[in-house]
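Descriptive structure summary
Here's the letter readout for the chains.
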Amino acid sequence: MKIMGNGVFVSVIILFFFQLNGNVKCQTSTVVNVGALFTFDSVIGRVAKVAIEAAVADVNADPRILKGTKLNFIIEDTNCSVFMGSMSAFQLLERDVVAVIGPQSSSVAHMISFIANGLQVPLISFAATDATLSALQFPFFLRTTLSDSHQMAAMADVIDYYDWHEVVAVFVDDDHGRNGISLLDSQLAKRTSKLSHKLALPHGANASVISDLLDRSREMGVRVYVVHVNPDSGLEIFSMAKQLQMMTSDYVWLATDWLSTHLDSSPTVDPNLLQTLQGVVGLRQHTPASSMKKAFYTRWRGLQKNGRVSSSLNAYGLYAYDTVWTVARGIDEFLKEHGNLTFSFSKRLPNMNDSTVQLEKLKIFDGGRILVNKLLETNFTGLTGQVGFDSNRNLVNSSYDIINIDQASIHRIGYWSHYSGLSVVPPEKLTREQQIMSRVDQKLNNATWPGGKTEKPRGWVIASSEKPLRVGVPNRVSFPDFVTEDQDTHEVKGYCIDVFNAALNLIPYEVPYKFQVFGDGRLNPDYDELVKMVSDDVIDAAIGDITIVTNRTRFADFTQPYAANGLVIVVPIKNMKSSAWVYLKPFTAEMWCVTAVFFLLIGVVIWILEHRINDDFRGSPRRQVITMLLFSFSTLFKTNQEDTVSTLGRMVMMVWLFLLMVITSSYTASLTSILTVQQLSSPITGIDSLITSNQPIGLPGGSFVHKYLTDSLNIYEGRLVSLEDTDDYARALQRGPDDGGVAAIVDELPYIEEFLSQHTDFGIAGHMFTKSGWGFAFKKGSPLAVDMSTAILRLSENGDLQKINEKWFCRTGCLLRKGRRSEPNQLHLVSFWGLFLLCAIFTITCLLIFLFRMVRQYVQYKRKRRQLLAISSSDQTPHSTSGLSRVVYNFFDFIDEKEEAIKKMFKPSINPHPPTNDEIR
């Protein structure tokens, strides 16, 4: 039992913080006095008393230990009081005890530990679980039960296993309660959970206090409760919770080991009590099954039949029994090495003749430190399993049963140990590999929860019919299709409302809500103020066309964006159809020049390739020049009268026609776009020109745009003009900056798309220069924000989000809401250089092949003519070879000849006429 102490006795304890010295007294080794402190009339005390007496009898009857020395146990009642516990401790220490078993209460243990330090008497507790008692401040304190440090780690693992993130703690406001809950808070923080509320009960709280505290906690929304109290008074909490309808399926109740201690101690458990505890999950200190433990349980039942004990055996009784054996073994080892137990008197202690506490009779146990070391070295197997201590003077093994109360009985659904975590296999049976896997793969059997449901409760409730979710919505003046309040029916409707309702329908639980309109209906409300109202607990959520920006995320958690948006610039536009030179716009100057060069190049190359064999490319020089210039241009309109005959010519034409097809189709598409797309008439063509200009800028009232332009873009505030609705937008842009209007308007893309669908005289300049989205705002840490985000993703995936959009913005057929371009999309040379390069390479290759053939034919022609000259008459006098210029001239003259004439020269004749010298040349 964990009790509340009285601090008035602190002044007495301070008397022991001095240097003790004095005479020496030796205790006979045939009888060794050992003390015990606990509350007799308590759940733990009633079992512990019988267990200690049974252990003392077993020790004194065992000849293998202490070798004839008997343990004399002196038991004192602490009466649930720190004051009385301290007085009882003095009474024990007057009687030369070498060790004290107990106390049961953590509060009493804190006080008596100071006394134990001063008199160097070991203090071994089987029931004080407060982890702070293991501090170096109390070197004489040993714990033979499980520490709350492990118990709260087990509880945190259970909470994490079921994925609950917020917990309410109910505890008694004493050392045991406060320190235990503080440990739970630390353990939860390691697992991304938190202790959201602490319900501290005064010691001995009555039903009225408990009921009032629980009733107020229902408004918090968190439904996971951890109860950490003492076994004697904790059941009152569940009784009050039952009366307050808090043991229903919405709630989760978790209990530390106090509940299992109470239930295990009851010979017969009231079925009505178990019905009240339906669905509670708790911890029980795990003790491995053994023949020794089974025999002791049989022995205990015999004591019950004989009327010597009224309570059933609980885990603390087992730990009390093992504690006696631990002390006996430590004393046995001490006597083996040192023989006698000596005490020293101190003359510096004051004489208190008028008090029953004779301080001058108190003595220091000279072997206290040695005995502590002997106790820490103890290692044996007891009723609770292996008994041994770690460096913090706690038991080396810490494990718990996870129990669940269902159908008026207690069920074990798993185990927890400090080295394996949660598992369905007893910790002592886990192999090394299983221990490692258990830490990674935590498991518990199915549990039944309050209300009899097997489905895991959510652990929180956002709203109820009595207290619905307060949802703030902006009452927009402009763009009412997004969200607004009908002035006649006061109905809140719009695109954003439909998205909210659709997402809410996908959440697997009911969320009652009511709308609270924000705004006077004359001006657009301040959205920053609306989001801040969520943080200030004025409302629970804010929905609507709320842009997710950094400063707003400091006040609330936002859902997944349900609409992508960003800032764009709107300016007036003009029509470019009337331009006389618009047909030149599709190509840049470089593109026009390169295209013209290729027209000439193709004409020249085709003339060269066709001139010798095609009569269409022969004739007078004037006719040939005209043919050369017009041939490639005529292919553009498919009006050319000349046909290509040579293979090389046809190959060049094939590549040229492909290039021509690509160029003409691209030109046609670009010209069509230029003739139909409207152009911007404002000097503001994008965000850069917007910043550098000094002209006024329009923006929506109540939006974050004002803060963004002034703070992020450093635009002078005097340039900004607040506009309230679409009519204001249109009038301000039409009037322009010279007539009291604005040069441009900056607003979010969804609004602008809606605006442009109704006003065709304006367009978007440049590109969207910020990217964000619309989301719903909830309180920080609200699990509803996560569930709504999941629902929005499902709406997007199944197409319902698009259907809602079409419902509101495609009533008369969806318009293509395209951004207007600031200038024609001209075709640049860079887009076609690959095709031009391919055509040039292919054309030049064909030309080179033709020239190579011509050179080869010319050489053959010259050789043939010289052979004919050799058989001519001998009276002809040869002339000297002409110069290089003459050879080149003759070569071009050869090329100019028709190929048919050249071939005739190579045919044999009947009366050959020898060639003249000029012909040879």
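A few points on the structure. All values reported here derive from a predicted model rather than from experimental measurement. (Residues numbered from 1 in each chain as written. Predicted model: local features only at pLDDT ≥ 70, side-chain atom pairs only at ≥ 80, totals over all residues. Heavy atoms only, no water.)

Another aspect to go through is the environment of His228. Within the secondary structure layout, His228 lies in strand 9 (residues 224–228). Each C-alpha atom of the pair His228 and Thr256 lies 5.6 Å from the other, and the pair is 28 residues apart in sequence. For His228, the contacting residues outside a window of four places in its chain are Asp148, Gln151, Met152, Val170, Phe171, Val172, His176, Gly177, Gly180, Ile181, Thr256 and Trp258. For His228, the side chain forms a polar contact with the side chain of His176, separated by 3.4 Å. (Helix = DSSP H or I, 4+ residues; strand = E, 2+ residues; numbered from the N terminus. Contact = heavy atoms within 4.5 Å. Polar contact = N/O pair within 3.5 Å; in protein donor to acceptor, adjacent residues only side chain to side chain.)

What follows covers unusual backbone geometry. The peptide bond linking Gly102 to Pro103 adopts the cis configuration, its omega dihedral lying at 0°. Non-glycine residue Gln120 carries a positive phi angle of around 55°. Tracing the sequence through the fold places Gln120 in the loop between helix 4 (106–119) and strand 5 (123–125).

Spatial strand order, 3-2-4-5-6: five strands in an open sheet with parallel pairing. Strand pairing shows two members of the sheet lacking a second neighbour, strand 3 (70–77) and strand 6 (141–143), which therefore form its edges. Across eight bridges, strand 2 (residues 31–38) lies against strand 3 in parallel orientation. Bridge pairing links Val31 to Lys70 in strand 3. Along the sheet, helix 3 (residues 82–93) makes contact with strand 2, strand 3 and strand 4 (100–101), crossing strand 2 at roughly 175°. (Pairing = 2+ DSSP bridges. Axes fitted to C-alpha atoms, helices over the stretch in contact; angles between N-to-C directions.)

Looking now at the environment of Leu630. Position of Leu630 among the secondary structure elements: in helix 19 (residues 621–637). Between the C-alpha atom of Leu630 and that of Phe599, which follows or precedes it by 31 residues, the distance is 9.0 Å.

With respect to the secondary-structure elements, Thr378 resides in the loop between helix 13 (368–376) and strand 14 (380–382). Within the local environment of Thr378, its side chain forms a polar contact with the backbone oxygen of Lys374, the two atoms lying 3.2 Å apart. Within the local environment of Thr378, its side chain forms a polar contact with the backbone oxygen of Leu375, the two atoms lying 2.9 Å apart. When residues no more than four places from it in sequence are discounted, the contact partners of Thr378 are Thr326, Arg329, Val387, Gly388 and Phe389.

Let us look at the pairing of strand 29 (residues 720–723). By the bridge criterion, four bridges tie strand 28 (residues 697–700) to strand 29 in an arrangement that is parallel. Paired with Leu699 across the strands is Ser722, a residue of strand 29. For the segment spanning strand 28, helix 22 (residues 705–712) and strand 29, crossover handedness is right-handed. (Right-handed = clockwise from strand over helix to strand, strands pointing away.)

A word on the packing of helix 2 (residues 43–61) against helix 9 (residues 257–265). Packing of helix 2 against helix 9 brings their axes to within 10 Å, and their N-to-C directions diverge by 60°. Overall, the two elements helix 2 and helix 9 adopt an arrangement that is oblique. As for how helix 2 packs across helix 9, the hand of that crossing is left-handed. Taken together, the residues of helix 9 that come into contact with helix 2 (itself represented by Val43, Ile44 and Val47) are Thr261, His262 and Ser265. A per-class count over the contact of helix 2 with helix 9 returns three nonpolar, three polar and no charged. (Parallel < 35°, antiparallel > 145°, perpendicular 65-115°, else oblique. Left-handed = near helix turned anticlockwise from the far one by under 90°. Nonpolar A, V, L, I, M, F, W, Y, C, P; charged D, E, K, R; others polar.)

Along the chain, Glu76 falls in strand 3. For Glu76, which is buried and forms no salt bridge, the nearest opposite charge comes from Arg95, at a distance of 4.5 Å. Excluding its chain neighbours within four sequence positions, the residues that come into contact with Glu76 are Ala36, Leu37, Phe38, Phe40, Ser88, Gln91, Leu92 and Arg95. (Buried < 20%, exposed > 50% of the residue type's maximum accessible area, 1.4 Å probe, protein only. Lys, Arg positive; Asp, Glu negative; His and termini not counted. Salt bridge = Lys/Arg side-chain N within 4 Å of Asp/Glu carboxyl O.)

Moving on to the pattern of salt bridges. Side chains that differ in charge, positive against negative, can pair when their charged atoms come close. Applying the stated criterion to the full structure yields 29 salt bridges. In this structure, the salt-bridge partner of Arg299 is Asp58, at a minimum N-O distance of 2.7 Å. You can see Arg299 sitting in helix 11 (residues 291–305) and its partner Asp58 sitting in helix 2, a full 241 residues away along the chain. A salt bridge links Arg552 to Asp528, with the shortest nitrogen-to-oxygen separation between them at 2.7 Å. Remark: Asp528 occurs in helix 16 (residues 527–535) and Arg552 occurs in helix 17 (residues 550–553); sequence separation between them is 24 residues. Through salt bridges with shared partners, a single network forms among Asp264, Arg284, Asp401 and Arg412.

All quantities given are derived from atomic positions and should not be read as evidence of function.
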